[in-house]
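Here is how the chains run, residue by residue.
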Amino acid sequence: MIDMNDHLFKRLDLLRHRKPAHFEAKVRLEADLNISAKQIALVGAPVDDGAGQKGCLMGPDAFRTAGLVEQLKALGHTVTDHGNLRPADVGRLAPPNPVLKNFGSYAGWTRALHAKAADLGRRELFPIYLGGDHAMAAGTVSGQARAAAERGRPLFVLWLDAHSDFHTLDSTGSGNLHGTPLAFACGLPGFDDLLGAPLQHTVDPNNVEILGGRSSDAAERDMLLSRGGGVSDMRRIDEEGIAGLMRPFLERVRAQNGLLHVSLDVDFLDPEIAPAVGTTVPGGATFREAHLVMELLHDSGLVTSLDLVELNPFLDERGKTARLMVDLTGSLFGRRVFDRPTRSF
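Residues numbered from 1 in each chain as written. Predicted model: local features only at pLDDT ≥ 70, side-chain atom pairs only at ≥ 80, totals over all residues. Heavy atoms only, no water.

## Observations concerning the overall build of the chain
Part 1 of the reasoning: A count of helical and extended segments in the chain gives 13 helices and 8 strands.
Part 2 of the reasoning: Relative to its 345 residues, the chain shows a buried fraction of 52%.
Part 3 of the reasoning: Considering only residue pairs separated by 6 or more positions, the chain has 76% of its internal contacts joining residues 24 or more positions apart.
Part 4 of the reasoning: Counting only carbon and sulfur atoms, one obtains 52% of the accessible surface of the chain, whose full area is about 16100 Å². (Helix = DSSP H or I, 4+ residues; strand = E, 2+ residues; numbered from the N terminus. Buried < 20%, exposed > 50% of the residue type's maximum accessible area, 1.4 Å probe, protein only. Contact = heavy atoms within 4.5 Å. Areas by Shrake-Rupley, 256 points an atom, 1.4 Å probe, with all protein chains shown as cover.)

Okay, here's the thing in structure tokens:
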């Protein structure tokens with residue numbers, strides 16, 4: 001027979017000495033994480049001349065303010081902040097097409113970021129490039145491609161974006177250069193002035209996957225598809241599910257011993273959850289779809305570099321978008337709420 005008084009006193013003693021619930025959850029979380037600690041290099045790229053609306057130059061510091069460094073360190077990673085870059089001096093550079101806006105600034109940023117990315121890509125580091133508008137990816141992706149080629153490995157690119165950003169300097173109608181970086185990185189003609197010479201190490205368009213697309217002009221769509229670029233638009237995501245689309249791409253990266261660069265644009269997300277972007281397109285990825293992408297990328301162990309782009313804090317709601325982008329980065333680097341195995345107690 002159970003002595004109820006003794007049982008009650010034991011329960012009270014357990015309650016008195018029990019750690020707070022949040023402490024126990026933290027312990028379980030840390031025990032369940034299977035994270036390979038990385039040496040992370042943060043690089044600020046306050047690029048603001050490629051988009052049609054000003055404000056992205058505040059993006060790098062908004063990511064820092066939203067706790068990016070603290071998030072990564074809490075997951076066991078080492079973080080070195082390289083500060084914010086400055087564009088290279090390109091002198092007076094005439095645009096090859098009069099519709100182009102801020103072409104000299106675009107070239108200066110591309111040269112600075114290309115050199116930085118090529119240098120970081122040669123080392124055992126994981127670079128995170130903090131934007132800045134998506135024009136910055138002309139430098140980050142091309143620099144990572146150069147480093148990958150020097151290591152004898154192909155670079156793959158996962159482009160998480162509402163737009164394909166595959167315009168050339170001749171095909172763009174708006175002249176906003178954040179719509180051209182992927183075309184440049186893939187070696188389309190007409191971009192020689194960006195680096196002052198032809199791009200030597202290009203990304204094979206067959207190694208590009210655009211996920212979440214829902215706004216592309218006919219010209220860039222035709223150029224992308226004719227060159228073999230992969231596109232999984234939001235309708236395809238709705239029909240097939242985001243995990244089913246991600247896995248074949250990740251399997252190709254692994255089969256070819258590739259390095260994977262992820263370029264995450266705020267407008268990949270639905271504007272209801274991420275309003276801080278000047279190019280909002282309804283019908284984007286949901287909160288859980290976006291986290292699932294990052295969780296699958298983490299589980300793959302294939303990602304070697306990351307862009308966080310198009311955050312415009314001027315358009316944000318009390319830091320809502322910045323915090324979400326930091327949260328997504330945490331999922332990429334191993335943050336989970338629960339582990340997957342089912343346990344019995």
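## Some thoughts on helix α6 (residues 137-150)
Part 1 of the reasoning: Look at α6: 19 Å from first C-alpha to last across 14 residues, which is about the 20 Å you get at 1.5 Å a residue.
Part 2 of the reasoning: Of all 14 residues making up α6, 11 are buried, and the element is well covered by its neighbours.
Part 3 of the reasoning: Of all the positions in α6, only Ala-137, Ala-138, Gly-139, Thr-140, Val-141, Ser-142, Gly-143, Gln-144, Ala-145, Ala-147 and Ala-148 are classed as buried.
Part 4 of the reasoning: Following α6 by one or two positions, Gly-152 adopts a phi angle in the positive range, close to 75°. (Expected span 1.5 Å × (residues − 1).)

## Let's talk about a nonpolar patch on the surface
Part 1 of the reasoning: Taken together, the side chains of Leu-57, Met-58 and Phe-314 define a hydrophobic patch exposed on the protein surface, amounting to about 320 Å² of accessible area.
Part 2 of the reasoning: Its location among the elements puts Leu-57 in the loop between β1 (39-45) and α3 (59-65). (Patch = residues over 30% accessible without salt bridge, like charges linked within 9 Å, V, L, I, M, F, W, Y side chains within 5 Å. Salt bridge = Lys/Arg side-chain N within 4 Å of Asp/Glu carboxyl O.)

## Here's the deal with the confidence of the model for the chain
Part 1 of the reasoning: Chain-level pLDDT for the chain is 89 on average; 87% of the residues reach the 70-or-more range.
Part 2 of the reasoning: Scored below 50 in pLDDT, residues 1-34 makes 13 contacts in the model with residues more than four places away or belonging to other chains. (pLDDT = per-residue confidence, 0-100.)

## Some details on the nonpolar core
Part 1 of the reasoning: By size, the foremost hydrophobic cluster in this structure holds 52 residues, and its most contacted members are Ile-128, Leu-260, Phe-268 and Leu-297.
Part 2 of the reasoning: Of the residues forming this core, the biggest block, 7 residues, is contributed by helix α11 (residues 242-255).
Part 3 of the reasoning: Contact partners of Phe-268, with chain neighbours within four places excluded, come to Leu-160, Asp-161, Ala-162, Leu-211, Gly-212, Arg-214, Ile-242, Gly-284, Ala-285, Ala-290 and Val-293. (Core = buried A, V, L, I, M, F, W, Y, C linked by side-chain atoms within 4.5 Å.)

## Overview of the pairing of strand β4 (residues 155-160)
Along a regular strand, successive side chains alternate from one face of the sheet to the other.
Part 1 of the reasoning: With 6 of its 6 residues buried, β4 lies for the most part within the structure.
Part 2 of the reasoning: Of the two faces of β4, the one lined by Leu-155, Val-157 and Trp-159 and the one lined by Phe-156, Leu-158 and Leu-160 are each fully buried.
Part 3 of the reasoning: Both β4 and strand β7 (residues 259-265) contribute to a ladder of 6 bridges, which runs parallel. If you follow Leu-155 over to β7, its bridge partner there is Leu-259.
Part 4 of the reasoning: In the sheet, β4 pairs with strand β5 (residues 208-213) via 4 bridges, with the strands oriented parallel. Residue pairing across strands places Leu-160 opposite Leu-211, the latter belonging to β5. (Pairing = 2+ DSSP bridges.)

## Re unusual backbone geometry
Part 1 of the reasoning: The omega torsion across Gly-131 and Gly-132 is 15°, close enough to zero to call that bond cis.
Part 2 of the reasoning: Inspection of the secondary structure puts Gly-132 in the loop between β3 (126-131) and α6.
Part 3 of the reasoning: Look at Glu-310: it is not a glycine, yet its phi comes out positive at around 70°.
Part 4 of the reasoning: Inspection of the secondary structure assignment puts Glu-310 in the loop between β8 (303-309) and α13 (320-332).

## Details of the side chain of Arg-64
Part 1 of the reasoning: Following the sequence through the fold, Arg-64 ends up in helix α3.
Part 2 of the reasoning: We classify Arg-64 as buried; its relative accessible area is 18%.
Part 3 of the reasoning: Within the local environment of Arg-64, its side chain forms a polar contact with the side chain of Asp-81, the two groups lying 2.7 Å apart.
Part 4 of the reasoning: Not counting chain neighbours up to four residues away, the residues in contact with Arg-64 comprise Gly-44, Glu-70, Asp-81, Gly-83, Asn-84 and Leu-130. (Polar contact = N/O pair within 3.5 Å; in protein donor to acceptor, adjacent residues only side chain to side chain.)

## Brief notes about the side chain of His-114
Part 1 of the reasoning: Assignment of secondary structure puts His-114 in helix α5 (residues 103-121).
Part 2 of the reasoning: There is a polar contact of 2.8 Å between the side chain of His-114 and the side chain of Ser-142.
Part 3 of the reasoning: Excluding residues within four positions of it along the chain, His-114 makes contact with Gly-139, Ser-142, Gly-143, Arg-146, Leu-195 and Leu-199.

## Overview of the packing of α11 against helix α12 (residues 287-300)
Between two packed helices, both the angle of their axes relative to each other and the distance between the axes serve to describe the pair.
Part 1 of the reasoning: At their nearest, the axes of α11 and α12 sit 11 Å apart, and the two run at 25° to each other. Taken together, α11 and α12 sit at an angle that is classed as roughly parallel. Note that α11 runs across α12; the crossing there is right-handed. In this structure, α11 contributes Ile-242, Ala-243, Met-246, Arg-247, Leu-250 and Arg-254 to the contact, and α12 contributes Glu-289, Leu-292, Val-293, Leu-296, Leu-297 and Ser-300.
Part 2 of the reasoning: For the contact of α11 with α12, a count of residues per class yields 8 nonpolar, 1 polar and 3 charged. (Axes fitted to C-alpha atoms, helices over the stretch in contact; angles between N-to-C directions. Parallel < 35°, antiparallel > 145°, perpendicular 65-115°, else oblique. Left-handed = near helix turned anticlockwise from the far one by under 90°. Nonpolar A, V, L, I, M, F, W, Y, C, P; charged D, E, K, R; others polar.)

## Side note on the pairing of strand β6 (residues 230-233)
Part 1 of the reasoning: Side-chain alternation along β6 places Gly-230 and Ser-232 on a buried face and Val-231 and Asp-233 on a face that remains uncovered.
Part 2 of the reasoning: Bridge count between β5 and β6: 4 bridges; the pairing is parallel. Each bridged residue has a counterpart across the sheet, and for Ile-210 the counterpart in β6 is Val-231.
Part 3 of the reasoning: Taking the sense of rotation as the criterion, the β-α-β connection linking β5, helix α9 (residues 218-226) and β6 turns out right-handed. (Right-handed = clockwise from strand over helix to strand, strands pointing away.)

## Observations regarding the sheet that holds β6
Part 1 of the reasoning: The strand order across the open sheet built from 8 strands is β2-β1-β3-β8-β7-β4-β5-β6, with neighbouring strands paired in parallel fashion. In the strand order of this sheet, the two ends are held by β2 (78-84) and β6, each with one partner. Averaged over all neighbouring strand pairs, the angle between strand axes comes to 15°, with direction disregarded.
Part 2 of the reasoning: Docked against the sheet, α13 engages β3, β7 and β8, running at close to 175° with respect to β8.

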